[in-house]
Amino acid sequence: MTGSYGILAVALFVALAACDTQYAGAIADFGVAATAVVQQTRGAYTLVNDTVLQEEILSLSAKSGPFDSDPTKAFPLFVTQEDLNIRNALLDALQAYATALGKLTGKTDSDLDTETTKLASSLTDLSKNERLEHSFREVKSVSKEETNAAAAGLAAIGKLLIARRIAADLPAILKKNQPHIEALARLLIHEIGDVPTSAEPGRLRGKLWRTYDSLLEAQVKVVNASAAGSNEKQQSVAKLASLVAAQRNADAALAGTQSALKKLVAAHRALLQVKSAPAGFKTEVAALLAQAKQAEEFYAKLPGK
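Definitions and limits used
- Residues numbered from 1 in each chain as written.
- Predicted model: local features only at pLDDT ≥ 70, side-chain atom pairs only at ≥ 80, totals over all residues.
- Heavy atoms only, no water.
- Axes fitted to C-alpha atoms, helices over the stretch in contact; angles between N-to-C directions.
- Helix = DSSP H or I, 4+ residues; strand = E, 2+ residues; numbered from the N terminus.
- Parallel < 35°, antiparallel > 145°, perpendicular 65-115°, else oblique.
- Left-handed = near helix turned anticlockwise from the far one by under 90°.
- Contact = heavy atoms within 4.5 Å.
- Nonpolar A, V, L, I, M, F, W, Y, C, P; charged D, E, K, R; others polar.
- Expected span 1.5 Å × (residues − 1).
- Bend = angle between axes of the 7 residues up to and from the residue.
- Salt bridge = Lys/Arg side-chain N within 4 Å of Asp/Glu carboxyl O.
- Buried < 20%, exposed > 50% of the residue type's maximum accessible area, 1.4 Å probe, protein only.

Enquirer: Is there a simple way to explain the packing of helix H5 (residues 144–162) against helix H6 (residues 170–192) in this structure?
Expert: Packed helices, taken two at a time, are described by their axes: the angle between them and the distance between them. Between H5 and H6, the shortest axis-to-axis distance is 8 Å and the interhelical angle comes to 130°. For the element pair H5 / H6, the angle class is oblique. For the crossing formed where H5 meets H6, the hand is left-handed. Across from Glu146, Thr147, Ala149, Ala150, Ala152, Gly153, Leu154, Ala156, Ile157 and Leu160 in H5, the residues of H6 making contact are Ile173, Asn177, His180, Ile181, Ala183, Leu184, Arg186, Leu187 and His190. For the contact of H5 with H6, a count of residues per class yields 12 nonpolar, five polar and two charged.

See below:
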């Protein structure tokens, strides 16, 4: 019997070593890329809310007379804090999943900490909460089937975080969670949307573009009201030009974030083939990192960053 345990232990060690060699570097690269995408997506929501706030301030400052509104309700967030918490939970799940993969290929065992347990519980709770579907009610391209799929993804990642798994389980874990990663990313991708058209008003990109249109319209009035050749005219025209550039750059940042989320899904899919086609994964993760970094500086300059 002792000999059987010895053989089993040797076999397990060989399996762990082989898996570590095949996956450790790729998992680490995926984790870095996932972190960049998660941070970038959080920045996208901040960007939209801050721009809408800028428009609200301009609108109120243009009104004459006393301020008769409740200050705590005068500046509502476009993405409310409750809805933002749900988006952050989706991003937390993606980040936690990448971290969990990294722990499986780590050199040392890591005990289950309180924060991980708490996160796993919160993801499981949200997966059962109807608020998840309600939170995406304004995103026309998102169906109930898609929110259900995202809920299943949250539940699966919650279970993974508290399960005792070993490195040899990695191929099965990656295969099982590919649809879950896709489901979570799809909700975020759809919400970012497109530049608005008459047929489709869009979501984040749509709201951002229309908000800048309002800011540009207000600034044009300032330009027209300034005396020709005056310093005020020059300054107001310069601000108008900066708003035009800001609108273009902000939309590009959201579009880049959307593209990075799509590339995150593709990179995870490539992880499934990392043993037989390592070059394919390197190509996918390099494209993902390049995309994620394009908007990094833009988001880093946002107020409060």
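Enquirer: Mind showing me how you'd approach H6 here?
Expert: Residue pairs three or four apart in sequence face the same way in an α-helix, which turns once every 3.6 residues. Over its 23 residues, H6 runs 31 Å from end to end, which matches the ideal 33 Å to within 8%, given 1.5 Å per residue. In the structure, H6 departs most strongly from a straight axis at Asn177, where the bend amounts to approximately 40° and where the proline Pro179 lies between one and four residues downstream. Gly193 lies just past H6 and shows a positive phi near 70°.

Enquirer: Help me understand the pattern of salt bridges, please; the structure alone is not making it clear to me.
Expert: When charged atoms on two side chains of opposite charge get close, those side chains can pair. One pass over the structure, following the stated rule, counts 12 salt bridges. Note that Glu82 and Arg131 form a salt bridge whose closest N and O atoms lie 2.8 Å from each other. With Glu82 in helix H2 (residues 81–104) and Arg131 in helix H4 (residues 131–135), this residue pair connects regions lying 49 residues apart in the sequence. The exposure class of Glu82 is partly exposed, given its relative accessible area of 45%. With a closest N to O distance of 3.8 Å, Glu115 and Lys118 form a salt bridge. Within this pair, Glu115 and its partner Lys118 are both found in helix H3 (residues 114–127), separated by three residues, close to a single helical turn. Taking the relative accessible area as the measure of exposure, Glu115 reaches 53% and is therefore exposed. By sharing partners, the salt bridges in this structure join Glu82, Asp83, Arg87, Arg131, Glu191 and Arg203 into a single network.

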